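# Coordinate analysis (summary)
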Amino acid sequence: MMYRLVSWALLFLINFVAIINFSKAKIIGKIVDSETNKPLEKVTLIDKNNNIAAYTDKNGIFVIAPDTIYNYLIKVYKQGYETKSVLVEDKSLNDTLTFKLDPKIVHLPTIIVGASLHNKFDEIQSEAYTIKQSEYQKSLGNSLAVSLKNQIGMSFTSMGPAPARPVFRSFGGNKIAFLNNGVQVSDMSATSPDHALTIDPISVQKVELVRGPKILLYTQNAFGAAINAQNSTMLIPEKFCLTGNLFVESVTNGYSGFIQTKIPYKNIAFTGNASYHNFQDVQVQSKRLENSYKKSSNIGLYGLTKFNNFLANTEFLVYQNNYGIPGGFIGAHPKGVDIKIDKNVLSLNLVQHFHKPFLDNISVLINRNYYHHLELENQNSIGNEFLYREYSIKSLFNHNKNQLFENGAYGLSFTNKEFKVGGYVFTPRTILNLLNFFVFEEINLQNFALQFSLRTDLAKFEPGQRQFMNNFPRARDFWTYSGSISFLKEFTEFFSVGINLSKTSRIPSIEELYSDGPHLAAYSYEIGNTNLNSENGYGTELFGYFSKNNFFLNFAGYYYYYDYYIIPQNTGKINVQQILPIYQTIGVNAVITGLETNLGIVIFKHFKLNSNFSYTVGHNITNKSNLPQIPPFKLNIDLKYYSEKISAGLAAELAASQTKIAEFEEPTDGYQVFNVYFQKLFVFDQSTLAVILSVDNIFNQIYRNHLSRIKSIFPEPGRNFKVLIKYDL
């Protein structure tokens with residue numbers, strides 16, 4: 001009897017102590033800005049039942065006493081920052097944890113404003129397909145393409161450094177859209193490899209690869225991605241802000257600088273920014289690629305006002321770029337070609353908030369683009385000249401969670417474009433009128449999510465008389481539709497699998513329909529095809545996502561079938577007057593398949609391994625051959641040491657040989673290139689200073705980019721010492 005009493009007494013004592021200890025178990029942490037390391041006040045922490053668990057104080061500190069001490073999942077939310085989910089295991093209780101939130105670049109009008117704080121689609125997008133500021137800065141180069149080349153699925157085309165342009169899953173040219181703060185970039189970079197993209201790389205803060213159904217909010221192409229470079233925010237700052245960037249590199253003996261100021265006054269904010277780039281001819285070993293320079297300048301003025309639920313934003317941008325295209329070999333101009341681009345943009349964006357379930361806000365974007373492009377041969381004689389004026393209006397209706405959907409948007413836009421060509425080119429003056437309608441919706445259930453979108457486009461092309469000729473090309477009308485749907489199943493809090501089904505349809509561009517004449521800067525004689533159909537295809541993508549504590553893995557496999565795929569094909573003929581190969585636009589049956597993964601793992605304290613690989617195969621079914629310009633298998637590895645204010649790492653870029661080539665295309669060998677970097681952050685009372693030192697191609701390896709149009713005569717740049725200094729007030 002006494003034995004039983006003692007046993008019960010001991011059992012009661014053990015449980016009592018456990019209860020006392022459990023009641024003392026706490027999650028204690030600090031939340032800081034990922035870019036400045038400054039503490040964040042009034043951050044909301046939400047538990048797994050969507051209840052508010054805590055707020056941070058003025059020092060960024062929070063304390064939570066959970067009802068369970070096993071695998072406690074919390075969501076961290078603050079306006080102006082990306083929402084983050086964090087899993088705290090019982091072993092972390094009573095330790096002081098530090099969470100970093102990434103600043104959100106709020107761009108209007110095509111972002112969904114309302115809705116739930118977080119879902120798995122957003123989590124995959126943020127972790128796998130968003131290049132955050134610190135990651136972008138350590139890879140910064142003299143173009144956006146070079147800065148992104150080692151990200152998942154990315155490669156780039158080039159004819160020297162200046163006109164380099166990003167490629168995603170082999171999609172380039174008109175098959176990929178570029179956005180600046182959510183608004184489509186309008187230039188001629190899609191039409192030819194010698195035309196530069198009009199995005200300023202040094203001003204970019206973050207890059208988002210918009211995929212899945214959301215892509216149809218921006219473009220006709222349901223496959224691949226829309227690349228959104230973000231560099232401004234539509235939030236009125238609390239105080240005066242100043243940002244300055246200075247970038248220097250050795251391989252071009254060049255530099256670029258950027259400065260931005262934000263001045264708030266009550267409900268109004270004024271922003272001004274300016275940048276300048278001066279890069280000389282690029283060098284490999286002791287050789288110089290003549291006429292590969294770049295000099296450009298950009299000025300932006302912005303005004304933002306907010307009264308109650310109404311917001312108005314105006315922008316005026318001026319972009320000027322002078323750069324060279326190399327020459328001196330067969331098919332090129334003897335001394336190369338100089339290109340001058342002048343572009344200005346004037347836009348007005350109006351947003352009215354209603355904060356109703358079926359209508360959160362309405363936005364209207366009115367935009368005017370002017371673009372002038374000159375290609376100068378010897379003694380500054382004009383070889384080609386392109387000019388267009390574009391006017392557009394876009395309306396978007398966003399809604400919050402209602403009885404049918406979690407959140408979504410629907411809208412329409414209209415564009416009028418006048419395109420003119422001068423110089424020794426026969427492309428006619430053409431008027432394009434384009435109207436489109438689109439819808440995006442999302443459904444979130446307990447362990448299941450669905451997104452879908454639909455888009456239809458109507459276009460009318462009205463060409464005039466060809467220059468130096470008496471004939472009028474055929475006018476064309478197009479009506480296309482695209483759709484995309486994604487299903488996502490959460491098997492656990494850490495592991496999800498999804499599938500996307502898409503139908504894409506793209507209207508041919510003016511150049512694909514009506515081009516006719518020599519293009520010396522591109523080393524080609526280009527002929528359009530007025531009989532083209534709209535590009536049309538069907539695709540599927542299977543993707544998976546696993547994230548737990550210090551381990552992250554994302555994978556995607558895709559299959560795209562085109563019953564009509566538009567490509568410029570080398571005809572094998574030569575224009576005898578200019579001694580240029582003739583390229584003509586045609587439509588073929590094609591299949592593009594591929595696989596990509598993204599991995600991140602903390603291997604031990606303060607050391608993290610990041611890796612991604614991408615592999616794409618393209619087949620021309622019509623001609624039973626390979627598609628041109630398909631990047632080879634590529635693996636990127638980054639081993640990084642990090643602490644609160646210092647990070648350093650060694651990165652490897654490994655590419656296989658590319659022998660699956662199209663007719664008249666040259667194979668390339670594989671290569672291994674190694675890079676190192678060091679970042680130091682200095683935090684002051686009111687400001688921060690970041691210094692990033694890096695060396696690309698530290699062993700001065702000679703290698704060639706398969707997508708380079710000049711790879712046969714010149715390899716990629718050699719060893720490159722780079723310095724980036726960034727100041728924020």
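Residues numbered from 1 in each chain as written. Predicted model: local features only at pLDDT ≥ 70, side-chain atom pairs only at ≥ 80, totals over all residues. Heavy atoms only, no water.

## Some thoughts on the overall build of the protein
We apply this condition: Numbering goes from the N terminus for both helices and strands, where a helix is a DSSP run of H or I of at least four residues and a strand is a run of E of at least two. Remark: exposure states derive from per-residue accessible area (1.4 Å probe, protein chains only) relative to the maximum for the residue type, with buried under 20%, exposed over 50%, and partly exposed in between. We call two residues contacting when some pair of their heavy atoms lies within 4.5 Å. Here the Shrake-Rupley method, with its probe set to 1.4 Å, supplies the accessible areas, and only the displayed protein chains count as covering residues.
Across its full length, the protein carries five helices and 41 strands. A burial count over the protein gives 55% of its 729 residues as buried. Taking all contacts inside the protein whose residues are at least 6 apart in sequence as the whole, residues at least 24 apart take part in 62%. For the protein, the exposed surface amounts to about 31800 Å²; the carbon and sulfur share of it is 58%.

## Quick word on the nonpolar core
Rule in force here: Joining through side-chain atoms within 4.5 Å is the link that ties buried Ala, Val, Leu, Ile, Met, Phe, Trp, Tyr and Cys residues into a set, and such a set is a nonpolar core.
Residues Leu144, Val207 and Leu209 are the most contacted members of the largest nonpolar core, which totals 37 residues. Listing elements by their share of this core, those giving two or more residues are helix 2 (120–128), helix 4 (144–148), strand 13 (206–210), strand 14 (226–230), strand 32 (535–548), strand 33 (551–575) and strand 40 (688–696). Per element, the largest residue contribution to this core is three residues, and it comes from helix 2. If you look at the next biggest cluster of nonpolar residues, it comprises 28 residues, including Tyr323, Val337, Val425 and Tyr564.

## Thoughts on unusual backbone geometry
Here the phi dihedral of Asn291 falls at roughly 65°; this positive angle occurs in a residue that is not glycine. Although it is not a glycine, Asn700 adopts a positive phi angle of roughly 55°. Summarising the element assignment, Asn700 is placed in the loop between strand 40 and strand 41 (720–728).

## Observations concerning the pairing of strand 39 (residues 671–683)
Quick note on the threshold: In this analysis, strands are considered paired if DSSP registers two or more bridges between them.
With 10 bridges connecting them, strand 38 (residues 646–655) and strand 39 associate as antiparallel partners. Residue pairing for strand 39: Leu650 is matched across the bridge by Val676. Pairing geometry for strand 39 and strand 40, over eight bridges, is antiparallel. Its bridge partner being in strand 40, Val683 is matched across the sheet by Thr688. Hairpin connection of strand 39 to strand 40: four residues between the antiparallel strands.

## Let's talk about helix 2
Among the nine residues of helix 2, seven are classified as buried, and the element is accordingly described as predominantly covered. Looking at helix 2, one finds that the buried residues are Lys120, Phe121, Glu123, Ile124, Gln125, Ser126 and Ala128.

## Some remarks on a nonpolar patch on the surface
Which entries qualify depends on this criterion: Note that patches include only residues with greater than 30% relative accessible area and no salt bridge, and the join distances are 9 Å for like charges and 5 Å for nonpolar side chains (Val, Leu, Ile, Met, Phe, Trp, Tyr). The salt bridge criterion pairs a side-chain nitrogen of Lys or Arg with a carboxyl oxygen of Asp or Glu, the two atoms within 4 Å.
A contiguous nonpolar surface patch, about 620 Å² in accessible area, is contributed by Leu246, Val248, Tyr255, Tyr276, Phe678, Leu693, Val723 and Ile725. When contributions to the nonpolar patch are tallied by element, the ones reaching two or more residues are strand 15 (241–249) and strand 41. Here Val723 shows up in strand 41.

## So, the confidence of the model for the protein
In plain terms, the rule: By definition, pLDDT measures how confident the predictor is in each residue, and it falls between 0 and 100.
With 86% of its residues at a pLDDT of at least 70, the protein reaches an overall mean of 84. Long-range and interchain partners of residues 106–117, a stretch whose pLDDT sits below 50, account for 49 contacts in this model, where long-range means more than four residues apart.

## Considering the pattern of salt bridges
Within the structure shown, the criterion is met by 19 salt bridges. Glu541 serves as the salt-bridge partner of Arg211, at 2.4 Å between the closest nitrogen and oxygen. A residue pair is termed long-range when its members are at least 10 positions apart, and Arg211 in the loop between strand 13 and strand 14 and Glu541 in strand 32 qualify at 330 residues. Of the two residues, Arg211 and Glu541, neither departs from the other in class, the shared state being buried. In this structure, the salt-bridge partner of Asp696 is Lys722, at a minimum N-O distance of 2.9 Å. Of this pair, Asp696 sits in strand 40 while Lys722 sits in strand 41, and the two are 26 residues apart along the sequence. Here Asp696 and Lys722 have matching classes, each one buried. Members of the salt-bridge network, linked through shared partners, are Arg169, Arg211, Glu541 and Glu596.

## Regarding the environment of Asn37
With respect to the helices and strands, the residue Asn37 is situated in the loop between strand 1 (27–33) and strand 2 (44–46). According to the relative accessible area criterion, Asn37 is buried, its value standing at 8%. On a C-alpha basis, the gap between Asn37 and Lys100 in space is 7.8 Å, while along the polypeptide they are 63 residues apart. Residues contacting Asn37, with those up to four places away along its chain left out, are Val32, Lys100, Glu644, Lys645, Leu681 and Val683.

## Some remarks on the packing of aromatic side chains
Stated formally: Two aromatic rings from Phe, Tyr or Trp, using only the six-membered ring of Trp, form a pair when their centres are within 6.5 Å; if the ring planes differ by under 30 degrees the pair is stacked, by over 60 it is edge-to-face, and anything between is tilted. Comment: the charge-over-ring label is applied if NZ (Lys) or CZ (Arg) is within 6 Å of the ring centre and within 35 degrees of the ring normal.
Counted according to the given criterion, the structure contains 23 aromatic pairs. Arranged with centres 4.9 Å apart and planes meeting at 50°, the rings of Phe604 and Phe607 form a pair that is tilted. A relative accessible area of 29% means that Phe607 is categorised as partly exposed. An aromatic cluster is built from Phe171, Phe223, Tyr558, Tyr560, Tyr562 and Tyr565, whose rings are joined through pairwise contacts. The lysine or arginine in question, Lys138, covers the ring of Tyr677, its NZ or CZ lying 4.5 Å from the ring centre. Sitting above the plane of the Tyr388 ring, Lys417 keeps its charged end 4.3 Å from the centroid.

## Quick look at the pairing of strand 38
Judged from the nine bridges that link them, strand 37 (residues 634–642) and strand 38 form a sheet pairing that is antiparallel. Each residue of the ladder has a partner; that of Ile637, found in strand 38, is Ala652.

## Observations regarding the sheet that holds strand 11 (residues 177–180)
Think of a sheet as strands paired side by side through backbone hydrogen bonds, with each pair either parallel or antiparallel. Taken in spatial order, the five strands of this open sheet run 8-13-14-11-12, and their pairing is mixed. Across the chains shown, the open sheet's two edge strands, defined by having one partner strand only, are strand 8 (130–131) and strand 12 (183–184). Alignment of strand 11 against strand 12, held across two bridges, turns out to be antiparallel. Bridging from a neighbouring strand, Leu179 pairs with Gln184 of strand 12.

## Observations concerning the environment of Tyr561
You can see Tyr561 is positioned in strand 33. According to the relative accessible area criterion, Tyr561 is partly exposed, its value standing at 27%. Distance from Tyr561 to Thr540, taken between C-alpha atoms, is 9.0 Å for residues 21 residues apart in sequence. With sequence-adjacent residues up to four places away left out, Tyr561 is seen in contact with Asn536, Gly537, Tyr538, Asn589, Ala590, Val591 and Ile621.

## Observations regarding the side chain of Gln151
The condition that has to hold: Throughout this description, a polar contact denotes any pair of N or O atoms lying within 3.5 Å of each other; where both atoms belong to protein, one of them has to be capable of donating a hydrogen while the other can accept it, and for residues adjacent in sequence the pair is counted only when both atoms sit in side chains.
In this fold, Gln151 is placed in the loop between helix 4 and strand 9 (154–157). Engagement of the side chain of Gln151 in a polar contact is seen with the side chain of Glu135, the distance being 3.5 Å. Residues in contact with Gln151, not counting those within four places in the same chain, are Ile131, Glu135 and Asn612.

## Here we look at the side chain of Glu535
As for its position among the elements, Glu535 is in strand 32. In terms of polar contacts, Glu535 uses its side chain to reach the side chain of Lys175, at 3.2 Å. With residues up to four places along the chain from it excluded, the contact list for Glu535 reads Lys175, Asn221, Thr504, Ser505, Arg506, Tyr562, Tyr564, Tyr565 and Ile566.

## Considering the environment of Phe543
Summarising the element assignment, Phe543 is placed in strand 32. Spatially, the C-alpha atoms of Phe543 and Ser496 are 8.6 Å apart, while their sequence positions differ by 47 residues. Those residues in contact with Phe543 that lie beyond four places of it in its chain are Phe121, Ile124, Phe487, Leu488, Ser496, Val497, Gly498, Ile499, Asn500, Phe555 and Ala556.

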